[in-house]
Amino acid sequence: MNKKYIIPVVIFSILLLLPFGVQAVNDLRGEKRFQPFDIFKDVVYAPIVREKKVAAAADSLDVKWRAAREAIAAGAEVADALEPVMSSLSDLEAAVLSVNTYAELDTSEARYKSLKLADTLLSKLEDEPESFPQADSCIKSLVADLGHVSLWRAFLDVKHYGVWTSRYLRAFENKIDDESAIVLALRPKYQLAVWNLFSDPGEKVVLGAAGDCIGKSCGREEAKPEDKWLFYRQDVEFLVQPSPLDVRSAKLDNPVKAIEKFRDQLKAKGVELLVVITPGKPSIYTERLTGRNSRVAGAENAGLGNVAAVENAAGLQSHGKKILDSLTHAGFNTVDLYTPLLAAKADDDKLGALYLNDDTHWTPRGAELAADVIAKKVREMVDAGTVKFRGKDDVRYIAADSVADRMGDVGEMSGLNKFNVFKMQQVTGHVVSLQNIKERTEKLPVDSTCIDAAKSACKKNDSCFTAQSALCERDTVLYDTTITPFKDDFRKSEILILGDSFSRIYQTDSPVNAGWIAHFAKNMNARVASIVSDGGASTLVREKLARKASVLKGKKLLIWEFVERDLRFGAEGWKNVDF
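Asker: Please explain the environment of Glu 104 as it appears in this structure.
Answerer: Note on placement: Glu 104 falls in the loop between α3 (78-97) and α4 (110-124). In the structure, Glu 104 is positioned 63 residues away from Arg 167 in sequence and 9.3 Å away in space, judged by C-alpha atoms. Those residues within four positions of Glu 104 in sequence are excluded, and the remaining contacts are Leu 97, Val 99, Tyr 161 and Arg 167.

Written as structure tokens, this is what we have:
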């Protein structure tokens with residue numbers, strides 16, 4: 001080699017190996033594992049360890065199931081006897097479903113379906129003892145299949161879920177990117193410099209216009225950071241890319257077909273489906289994104305009233321609204337949140353915005369408006385006979401103000417919150433609580449005046465005095481009231497809600513029990529249950545339901561909420577999920 005090339009080659013090699021070297025030293029010095037070792041471990045070591053773990057869990061299930069059968073035969077309560085069995089089955093599921101560090105078992109696998117079937121059958125046993133032979137056969141089959149170490153099965157799992165598969169490499173790449181020592185050290189400083197120089201908030205964020213610049217020609221840099229609106233890039237891309245139903249999107253899963261199949265699956269179980277597509281922030285506040293007061297022809301006819309009172313009605317033309325309309329015309333039960341949210345913007349100056357300015361989600365006001373609209377639709381379905389609940393629920397709810405600090409998720413995505421570029425926001429939610437009222441009867445002290453009157457009237461007639469004095473005894477009805485936090489009720493509720501982070505916000509995070517789910521329950525005076533998956537309402541939340549399909553027992557209505565961007569960008573697409 002020519003000597004003049006040696007120095008460039010050495011420098012290039014050092015630069016090439018520097019990230020790997022820095023990461024290795026950082027991992028070895030700290031508590032984190034050495035990530036590149038994951039590949040070796042998942043190919044050589046993990047498959048055998050997993051097989052042993054699965055076999056042990058299957059043996060434990062077998063032991064617990066035998067003990068439960070004996071206990072039930074001896075007269076024990078079915079629920080008590082099955083509790084350790086359900087725990088063992090859960091351990092077996094965890095061992096089987098986690099194939100390696102970065103991949104989970106595909107839902108189409110026979111092992112997955114067998115585990116879910118066992119889960120469903122065990123859940124039914126308490127109320128359907130006639131299904132005992134089927135449950136026994138299913139568990140015995142599981143134990144026979146998984147109760148031993150199989151080298152061939154370990155080899156197939158490495159083949160289908162190993163380092164040479166796209167699902168493994170994507171997850172590994174994302175993990176490396178998220179935990180890289182160099183990236184974690186340099187990226188925040190780089191992002192701050194880019195923000196200060198170019199007002200660029202990062203690749204996941206789109207910077208909108210400030211409130212006082214709407215409709216004007218002022219530059220974005222003229223507004224204070226706290227006045228600027230941030231938008232999640234996927235929300236914006238959903239609006240500008242072709243519709244998920246467009247021929248140009250043929251490679252995407254068809255959301256309408258998945259929704260149709262889910263509706264049919266629920267109907268077979270006697271459950272009605274209500275579809276709620278949540279508008280993304282740019283569909284409602286398009287002018288905050290573009291800086292222009294655009295108006296859509298025909299907005300008045302859409303029920304928005306005076307167009308001048310509604311800053312922007314572009315959401316009525318969004319892909320999400322059009323797909324919602326097509327579902328409605330096809331006979332699906334749907335809720336239109338676009339029209340009422342757009343109309344409600346007229347009161348923003350008095351009541352505050354419907355969405356947070358540096359977050360993807362709505363404010364408590366927006367969430368409560370959604371709860372009102374959804375509850376109105378459910379009552380319409382009840383009046384029309386589409387849904388028939390067993391009877392009127394006897395629950396009562398109350399709401400109380402609660403203030404919470406919130407750091408917007410889009411601001412967090414930008415990485416600039418580490419430098420306090422965007423400020424903490426205060427939101428006032430209305431926390432819903434369950435009001436328990438118990439009625440009791442208590443005897444009041446006997447009125448002496450009444451007794452004296454009875455003596456005077458009856459003289460010495462004992463039977464007369466006994467009858468008259470009995471009238472002097474008085475009872476009073478008292479009510480004991482206690483307040484308890486709102487919570488899901490899977491056993492008694494007839495309504496199940498599936499949702500994403502729009503169902504989670506304010507519900508399970510601060511101020512807690514102030515989300516649309518709690519307010520919907522309050523509006524309906526009904527118990528509800530919910531299964532929520534952030535960013536996964538297209539497929540992941542249905543997979544969660546499939547794992548615990550027994551929760552559909554007794555349900556009459558399933559409300560499925562998902563944000564419009566999931567029609568294109570939903571995690572895991574729009575797979576068909578078997579129950």
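Asker: Got a minute to help me understand empty space enclosed by the protein in this structure?
Answerer: Space left empty within the atom packing is revealed by a probe, the size of a water molecule, rolled over the atoms. All chains considered together, the criterion is met by two cavities of 30 Å³ or more. Considering only enclosed or pocket space, the largest cavity measures out at about 60 Å³ in volume. If you trace the largest cavity, you find it lined by Asp 42, Ala 46, Pro 47, Arg 50, Val 99, Asn 100, Asp 157, Val 158 and Gly 162. Counting residues per element, the ones that place at least two in the lining of the largest cavity are α2 (37-73) and α6 (151-161). Looking at the lining of the largest cavity, its residues break down into four nonpolar, two polar and three charged.

Asker: Would you take a moment to explain a nonpolar patch on the surface for this structure?
Answerer: Together, Phe 37, Phe 40, Val 44, Tyr 45 and Val 49 give the surface a local cluster of nonpolar side chains, amounting to about 500 Å² of exposed area. Within the secondary structure, Phe 37 sits in helix α2.

Asker: How should the pattern of salt bridges be read in this particular structure?
Answerer: For side chains bearing opposite charge, pairing can occur when the charged atoms are close. By the definition in use, this model includes 25 salt bridges. Between Glu 572 and Lys 575 there is a salt bridge, with the nearest N and O atoms lying 3.3 Å from each other. A relative accessible area of 29% means that Lys 575 is categorised as partly exposed. Here the salt bridges share partners, and the residues they tie into one network are Asp 359, Arg 406, Arg 504, Asp 509 and Asp 534.

Asker: I keep staring at the layout of surface pockets and nothing clicks. Help me out?
Answerer: By volume, the largest pocket is sized at about 1100 Å³. Lining the largest pocket are 33 residues, with Gly 535, Leu 540, Gly 570, Ala 571 and Glu 572 sitting closest to its centre. Those elements that place two or more of their residues in the lining of the largest pocket are α7 (166-179), α17 (409-414), α20 (501-504), α22 (540-547) and α23 (566-569). Residues that form the lining of the largest pocket fall into these classes: 10 nonpolar, nine polar and 14 charged. Taken as a whole, the second largest pocket holds about 800 Å³ of empty space. Ser 123, Asp 127, Ser 550, Val 551 and Lys 553 are the residues nearest the centre of the second largest pocket, which is lined by 27 residues in total.

Asker: Would you mind showing me how to read the packing of α4 against helix α5 (residues 132-146) here?
Answerer: Two quantities define a packed helix pair, namely the angle between the helix axes and the distance between the axes. At their nearest, the axes of α4 and α5 sit 9 Å apart, and the two run at 145 degrees to each other. Judged by the twist between their axes, the crossing of α4 over α5 is left-handed. Each of Arg 111, Ser 114, Leu 115, Leu 117, Ala 118, Leu 121 and Leu 122 in α4 lies in contact with α5, whose residues at this interface are Gln 134, Ala 135, Cys 138, Ile 139, Leu 142, Asp 145 and Leu 146. Taken together, the residues of the contact of α4 with α5 break down into 10 nonpolar, two polar and two charged.

Asker: For this particular structure, what's the right way to read α2?
Answerer: Given 3.6 residues per turn, any residue in an α-helix points the same way as the ones three and four places further on. The terminal C-alpha atoms of α2 lie 51 Å apart, and with 37 residues this matches the ideal 54 Å at 1.5 Å per residue to within 8%. A maximum bend of about 50 degrees is found in α2 at Tyr 45, where proline Pro 47 lies one to four positions downstream. The positive-phi residue at the C-terminal boundary of α2 is Gly 75, with phi of around 100 degrees.

Asker: Can you walk me through the side chain of Glu 561 in this structure?
Answerer: Tracing the chain through its elements places Glu 561 in strand β10 (residues 557-563). Despite its burial, Glu 561 remains without a salt bridge, the nearest opposite charge being carried by Arg 565 at 8.7 Å. Within the structure, the side chain of Glu 561 is placed 3.1 Å from the backbone nitrogen of Asp 500, a separation counted as a polar contact. Setting aside anything within four residues of it in sequence, one finds Glu 561 in contact with Val 276, Thr 278, Leu 498, Gly 499, Asp 500, Phe 502, Ser 503, Trp 516 and Ala 537.

Quick notes on the rules
- Residues numbered from 1 in each chain as written.
- Predicted model: local features only at pLDDT ≥ 70, side-chain atom pairs only at ≥ 80, totals over all residues.
- Heavy atoms only, no water.
- Helix = DSSP H or I, 4+ residues; strand = E, 2+ residues; numbered from the N terminus.
- Contact = heavy atoms within 4.5 Å.
- 1 Å grid on protein atoms, 1.4 Å probe; cavity = no way out; pocket = protein on both sides within 12 Å on 5 of 7 lines; lining within 4 Å.
- Points joined across faces, edges and corners; volume = space filled by probe spheres on them.
- Nonpolar A, V, L, I, M, F, W, Y, C, P; charged D, E, K, R; others polar.
- Patch = residues over 30% accessible without salt bridge, like charges linked within 9 Å, V, L, I, M, F, W, Y side chains within 5 Å.
- Areas by Shrake-Rupley, 256 points an atom, 1.4 Å probe, with all protein chains shown as cover.
- Salt bridge = Lys/Arg side-chain N within 4 Å of Asp/Glu carboxyl O.
- Buried < 20%, exposed > 50% of the residue type's maximum accessible area, 1.4 Å probe, protein only.
- Axes fitted to C-alpha atoms, helices over the stretch in contact; angles between N-to-C directions.
- Left-handed = near helix turned anticlockwise from the far one by under 90°.
- Expected span 1.5 Å × (residues − 1).
- Bend = angle between axes of the 7 residues up to and from the residue.
- Lys, Arg positive; Asp, Glu negative; His and termini not counted.
- Polar contact = N/O pair within 3.5 Å; in protein donor to acceptor, adjacent residues only side chain to side chain.

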